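Here are the chains, one letter per residue:
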Amino acid sequence: MSGQNDQLEFVHRPKAAPERGGLSPGSLALLAGLLGLTLVLALQLSRQNATRPMSGSAPDFELALFSGERIRLNDYRGRVLLVNFWASWCPPCRAEAPDLQALYQDYRAEGFTVIGVNMLESSQRKALDFIAEFGIAYPNGEDIGEKVTNLYRVEAPPESFLIDRAGHVRRVFIGSIRYDNARYDIEALLAEQR
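Each value, and the rule that gives it
- Residues numbered from 1 in each chain as written.
- Predicted model: local features only at pLDDT ≥ 70, side-chain atom pairs only at ≥ 80, totals over all residues.
- Heavy atoms only, no water.
- Pairing = 2+ DSSP bridges.
- Helix = DSSP H or I, 4+ residues; strand = E, 2+ residues; numbered from the N terminus.
- Buried < 20%, exposed > 50% of the residue type's maximum accessible area, 1.4 Å probe, protein only.
- Contact = heavy atoms within 4.5 Å.
- Core = buried A, V, L, I, M, F, W, Y, C linked by side-chain atoms within 4.5 Å.

As for the pairing of strand β8 (residues 168-174)
Pairing analysis gives two bridges linking strand β1 (residues 56-57) to β8, with the strands arranged antiparallel. Bridge pairing links S57 to H168 in β8. With five bridges joining them, strand β7 (residues 159-163) and β8 adopt antiparallel strand pairing. Within β8, the position partnered with S160 by the bridge is F173. The hairpin formed by β7 and β8 contains four residues between the paired strands, and G167 there has a positive phi angle of roughly 90 degrees.

Next up, the structure:
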């Protein structure tokens, strides 16, 4: 009988669960890799955002205009500026072009101007056709070698930088600008004392 009891005890005895000491080495390696990747991406994003002029002095640049003239940003000190990065193939650029021309037309007598920086264009002819199509009268030039685009850390058109009379970036527009969204900022900067 005692043999049967031993056998029953063995059958009914619960098995002890294996002891777990935490994550497996493979899980730890995967977790460390994901953490490292996240850290690298965060550092790259912070460097990129740290170098994009979101405020402070607007980086000076020289631009060859389609008219053949050369301009420097600092030559426009004392005026409120909107530096607009655009391309003819860009649908949001096409959408904002009439609004930018209207802002320029309505506020230029008060000391406002737009400077168009054409970027990533396949040909100068396409840029000139765009300017003619929308009746753009403000200065525009081709960013040869993407020097100005890189200086302002522009990722994709359209992007625009609103600059006050003292040459400081006061607002950055990522994406298409609408007349009503920009005019209040422009009017406020025009109203500021020189």
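So that's the structure; there's more coming.
Observations concerning the environment of A182
On the secondary structure map, A182 appears in helix α6 (residues 179-191). Given the relative accessible area of 1%, A182 is considered buried. Along the primary structure A182 and L100 are separated by 82 residues, whereas in three dimensions their C-alpha atoms are 9.2 Å apart. With residues up to four places along the chain from it excluded, the contact list for A182 reads L103, F173 and I177.

Topic: the nonpolar core
Core analysis: the biggest nonpolar cluster contains 27 residues, and L82, L103, F112, L162 and I186 have the highest contact counts within it. Considering every element that reaches this core, the biggest residue donor is helix α3 (residues 91-107), with six residues. Not counting residues up to four positions away in its chain, the partners in contact with L103 are R108, F112, I177, Y179, A182, R183 and I186. Counting residues in hydrophobic clusters, the runner-up holds 20 residues, among them F61, I71, V83 and F161.

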